[in-house]
Amino acid sequence: MAGAWQGRGGSARRRRGCCHDVVVPIPFVWSDAVLAHEPMHEVWVGKETPGTEVPYRAHLIRDALADAGHAELPAAAHDDEVLLAVHEAPMVEWLRTASAGWAAGPYEDLVGQTRVVPYVFPTPMMTAGMPWRYPAAAHARAGVWCYDTMTLVGPGTWEAARAAVDCALTAADLVVTGERRAVYALCRPPGHHATPAGFGGSCYLNNAAVAAEALSRHGLRVAVVDVDAHHGNGTQAIFWSRGDVFYGSVHVDPGAGWFPHVVGHADEVGDADGKGATLNVPLAPGAGDVEWVEAVAAVCEAVLEFRAQAVVVSLGLDAAGVDPESPLQVTDAGFGGTGRLLAALDLPTVLVQEGGYHLPTLGSLARTTLAGFDA
Ligand SMILES: [Zn+2]
């Protein structure tokens, strides 16, 4: 099976010039506002560690794509209608106002903390069925919505997260009108860990889910293919009970101790109308190109069986062997094969940037994957 993916797509998609093939790289959608989010640091097992989801990531990918001839398209502003179809309004409103609320409190003076970070999580185990009240303190409210200590909110977080949603929606607009067959949304911060009413894993608003919902509203059966190294628990949660949106993911096995830890297992298949519309292919730590590309091929087969009419790709680049955030060992060849398999679906496709944290290779990995979509 490993050989089947090599060379698929590509040549049939190129326009012939008089003397040689003319390759047109896939365009990408950009907003300067995605740079406004500066997490400053993360808190992992109680310790402050340097933030990994830094603005420079987006710069690197943008520069690599520009150098390779990808056209840059500006993100257009969209209202909140589709966003509020995938996220509950109180969480969205809290995210919009959280940083200002935090700045009004004593946290910077008391402990030098300028970022919103929870210290208590009012889980069902805490409330144990008793009546629940929304906490008064900003440092307690944070844990209502944020489920980890890795996803801090600062002064530009809302602006960036909301701009990333506009990038995804602009890309969806372009493919749904037929203006473009495939468009890449250079979203930052990433989104696939954001659930209907919760956020974490460096994600705030679920850009891929918003794009899928937008395409779905045009009457299309939509498949989300998540190739980030980590399971997209947020996207799975959003579409868990829906039969019109498929979610398929290839990721490091949470059962082997990896984020998001509690979901992303092979026996999760959806519920109610969505039963059978979720497919997880977890891989063992250390898995490389062969296992990775076979898994992507299996998800693509399922997309075809689902009779999808449009695809949203959660494009994480952190499965790379050099990436510090996952134990997978995918190389350039694996990412190239991934891009060709996704392009060979030959469906209108929105690619949404998710993770990827090895700065020296981030731009080239994006370019390598997107090359499969060059027309
Ligand atoms: Zn990831």
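Residues numbered from 1 in each chain as written. Predicted model: local features only at pLDDT ≥ 70, side-chain atom pairs only at ≥ 80, totals over all residues. Heavy atoms only, no water.

Another point: the pattern of salt bridges. Where side chains of opposite charge bring their charged atoms close, a pairing between them can arise. One pass over the structure, following the stated rule, counts 13 salt bridges. With a closest N to O distance of 2.8 Å, Asp-80 and Arg-162 form a salt bridge. A residue pair is termed long-range when its members are at least 10 positions apart, and Asp-80 in the loop between strand 6 (72-74) and helix 2 (83-86) and Arg-162 in helix 7 (residues 157-176) qualify at 82 residues. In this structure Asp-80 comes out as partly exposed when scored by relative accessible area, which is 31%. Assessed through its relative accessible area of 10%, Arg-162 is described here as buried. Measuring nitrogen to oxygen at the nearest pair gives 2.8 Å for the salt bridge that ties Glu-213 to Arg-242. With Glu-213 in helix 8 (residues 207-216) and Arg-242 in the loop between helix 9 (233-239) and strand 9 (245-252), this pair connects stretches of sequence that are 29 residues apart. Overall, the relative accessible area of 24% leaves Arg-242 in the partly exposed class. Sharing partners across several salt bridges, the network here consists of Glu-81, Glu-213, Arg-217, Arg-242 and Asp-244. (Salt bridge = Lys/Arg side-chain N within 4 Å of Asp/Glu carboxyl O. Helix = DSSP H or I, 4+ residues; strand = E, 2+ residues; numbered from the N terminus. Buried < 20%, exposed > 50% of the residue type's maximum accessible area, 1.4 Å probe, protein only.)

The next subject is the coordination of the zinc ion. The protein atoms that coordinate the zinc ion are Asp-228 (OD), His-230 (ND1) and Asp-318 (OD), at distances spanning 2.0 to 2.2 Å. For the zinc ion, the donor residues sit on a single chain with the sequence spacing D-x1-H-x87-D. As far as the burial class goes, Asp-228 and His-230 line up, both buried. (Donors = N, O, S within 2.8 Å, 3.2 Å for Na, K, Ca; no water.)

Here strand 8 (residues 222-226) lies mainly inside the structure; five of its five residues are buried. Side-chain alternation along strand 8 places Val-222, Val-224 and Asp-226 on one buried face and Ala-223 and Val-225 on a second face that is also buried. Of the pairings in the sheet, the one linking strand 8 to strand 9 comprises five bridges and is parallel in character. Looking across to strand 9, one finds that Ala-223 is bridged to Phe-246. After leaving strand 8, the chain enters helix 9 and then returns to the sheet as strand 9, a path that is right-handed. Pairing analysis gives five bridges linking strand 8 to strand 11 (residues 310-315), with the strands arranged parallel. The residue bridging Ala-223 from the neighbouring strand is Val-311, located in strand 11. (Pairing = 2+ DSSP bridges. Right-handed = clockwise from strand over helix to strand, strands pointing away.)

Tracing the backbone shows Tyr-56 in helix 1 (residues 55-67). Residues Tyr-56 and Cys-203 lie 147 residues apart in sequence; the distance between their C-alpha atoms is 16 Å.

Formed by 107 residues in total, the largest nonpolar core has its most connected members in Tyr-184, Phe-199, Trp-292, Val-303 and Val-312. At 12 residues, helix 7 tops the list of elements feeding residues into this core. Residues within four places of Phe-199 in sequence aside, it is in contact with Met-91, Trp-94, Leu-95, Trp-145, Cys-146, Tyr-147, Thr-151, Val-153, Ala-194 and Tyr-204. (Core = buried A, V, L, I, M, F, W, Y, C linked by side-chain atoms within 4.5 Å. Contact = heavy atoms within 4.5 Å.)

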